[in-house]
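Fold and geometry: a report
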Amino acid sequence: MIDLLKDLIKIKSDDQEGANQALLFCADWLKEKGETVTIHENNGFKMLTAIKGAGEETLIWNGHVDVVPGHEEQFTPFEELGRLYGRGAADMKAGVAAMMQAFIELDASALEKTVQLHIVTDEEIGGRNTSKWLVDQGYHGDFVICGEPTGLKVGLQSKGILRMDLTFKGKPAHGSRPWEGINAIESAMKYHMAMSELPFRKESTEYYEQPSVNLPIIKAGDRYNVVPEICHMSYDIRFMPGQDKDEIVRQMAELADTLNVDMEYKASGSTPALTTTQENPYIQMLQKAIKNVTDQEAILFGQHGAADTRYYAEVTGGEGAIEFGPSGDDWHGNAEYVTISSVHEYKEILVAHALSK
């Protein structure tokens, strides 16, 4: 399994061609082990599915072999002090290698459920060509594990996404006489400072202290001697399970009226929050499997970001798609690594969970 992981890291899968090459490598590896594999393609992106077992319940393991760009040397894996370094080692070729090994070890005759292995190639750029496409084709189930690196902790919830594009309108004037105009940048600044006091910003849940609000884009002005008439400002808002995105939009629109600033807005890019609870029977079984393999109590937490789990969860009302994977650090960074022992533990947990009754 670790040799498989090293071979995957060596494949420079930071573009479509490389990711497809890594996908075909996985398919060949599984076929050599006697598994039946189906390769799919959408918009030039390849993906595979493999199915084992039978029964009314379906468990899905989802992993991606595409990676973000890295330095050339990062595609030469090396071991040091129990860690395996390389681009994609943690995010998430370790999860893929463990899922592949777990899949071939599963005894179909002992399974009381169906296990589907999904390996995809575009998660790092949004997942719409592969994981979303698979879901749209009917490849979804009762419970989904995406093998993102979580340190063997269970990311049973994740925040939803709301993107707000705001346009503030002012009144142009000569830069030497700013009192004759209305500065759109100053209106945007005033709005941004007041945003922190909105009610949705002060809410919390069992797994989250607060929603995430990032101001990533602001565009305005092009001359020193003109009071800017227009300021474009965009927010990336990650709202918590239980929060209503429409209520967030309402609060933001109402704030502009309260501040008496001229603002237009467009809400876009919304993704629902994932809302799996501790009471979910698959979570209960996963906790037992983690305890049996590691002799440690499972740690449950909420993810701040989004993964391909969102596409599967859309079918089940936000429930039953989680992130759970090996331990590592510095993914997307220059010293990305995975802890080798955690890859072995992760594989054992996957097998135990699949066989749970």
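What comes next concerns the included structure.

**What to know about the nonpolar core**
Ranked by internal contacts, the top residues of the largest apolar core, which has 61 residues, are Trp61 and Phe324. Tallying contributions element by element places helix H3 (residues 89-105) first for this core, with 10 residues. For Trp61, the contacting residues outside a window of four places in its chain are Met99, Ala102, Phe103, Leu106, Val115, Gln116, Leu117, His118, Ile145, Leu350 and Ala354. Formed by 24 residues, the second largest nonpolar core is a distinct cluster that contains Phe200, Cys231, Ile237 and Val249.

**Structural notes on the packing of aromatic side chains**
Counted by the stated rule, this structure contains five aromatic pairs. Both rings, one in Tyr85 and one in Tyr337, keep their centres 5.3 Å apart while their planes meet at 45°; by these two values the pair is tilted. Taken together, the positions of Tyr85 in strand E5 (residues 83-85) and Tyr337 in strand E17 (residues 337-339) put the pair 252 residues apart, joining distant regions of the chain. Per residue, the accessibility class of Tyr85 equals that of Tyr337, and both read buried. Joined through ring pairs, the aromatic side chains of Phe78, Tyr85 and Tyr337 make up one cluster. The ring of Phe103 carries the charged tip of Lys52 above its face, separated from the ring centre by 5.0 Å. The residue whose ring lies beneath Arg83 is Tyr337, and the NZ or CZ to ring-centre distance is 4.1 Å.

**Re the environment of Val65**
If you trace the backbone, Val65 turns up in the loop between strand E3 (58-64) and strand E4 (78-80). Sequence separation between Val65 and Pro241 is 176 residues, and the spatial gap between their C-alpha atoms is 29 Å. In this view, Val65 contacts Ser13, Ala19, Ala22, Leu23, Cys26, Lys93, Val96, Ile119, Val120 and Thr121; residues no more than four positions away in its chain are not counted.

**Comments concerning the pairing of strand E8 (residues 154-158)**
For a regular strand, the rule is simple: side chains alternate between the two faces of the sheet. Within E8, five of the five residues are buried, which leaves the element mostly enclosed by the surrounding structure. Sheet topology places E8 next to strand E14 (residues 300-303); four bridges connect them, and they run parallel. Bridged to Ser158 within E14 is Gln303. One ladder, built from two bridges, connects E8 with strand E13 (residues 274-275); its direction is antiparallel. Across the sheet, the residue bridging to Ser158 is Leu274, located in E13.

About the cut-offs
- Residues numbered from 1 in each chain as written.
- Predicted model: local features only at pLDDT ≥ 70, side-chain atom pairs only at ≥ 80, totals over all residues.
- Heavy atoms only, no water.
- Core = buried A, V, L, I, M, F, W, Y, C linked by side-chain atoms within 4.5 Å.
- Buried < 20%, exposed > 50% of the residue type's maximum accessible area, 1.4 Å probe, protein only.
- Helix = DSSP H or I, 4+ residues; strand = E, 2+ residues; numbered from the N terminus.
- Contact = heavy atoms within 4.5 Å.
- Phe/Tyr/Trp six-rings, centres within 6.5 Å; stacked < 30°, edge-to-face > 60°.
- Lys NZ or Arg CZ within 6 Å of the ring centre and 35° of its normal.
- Pairing = 2+ DSSP bridges.

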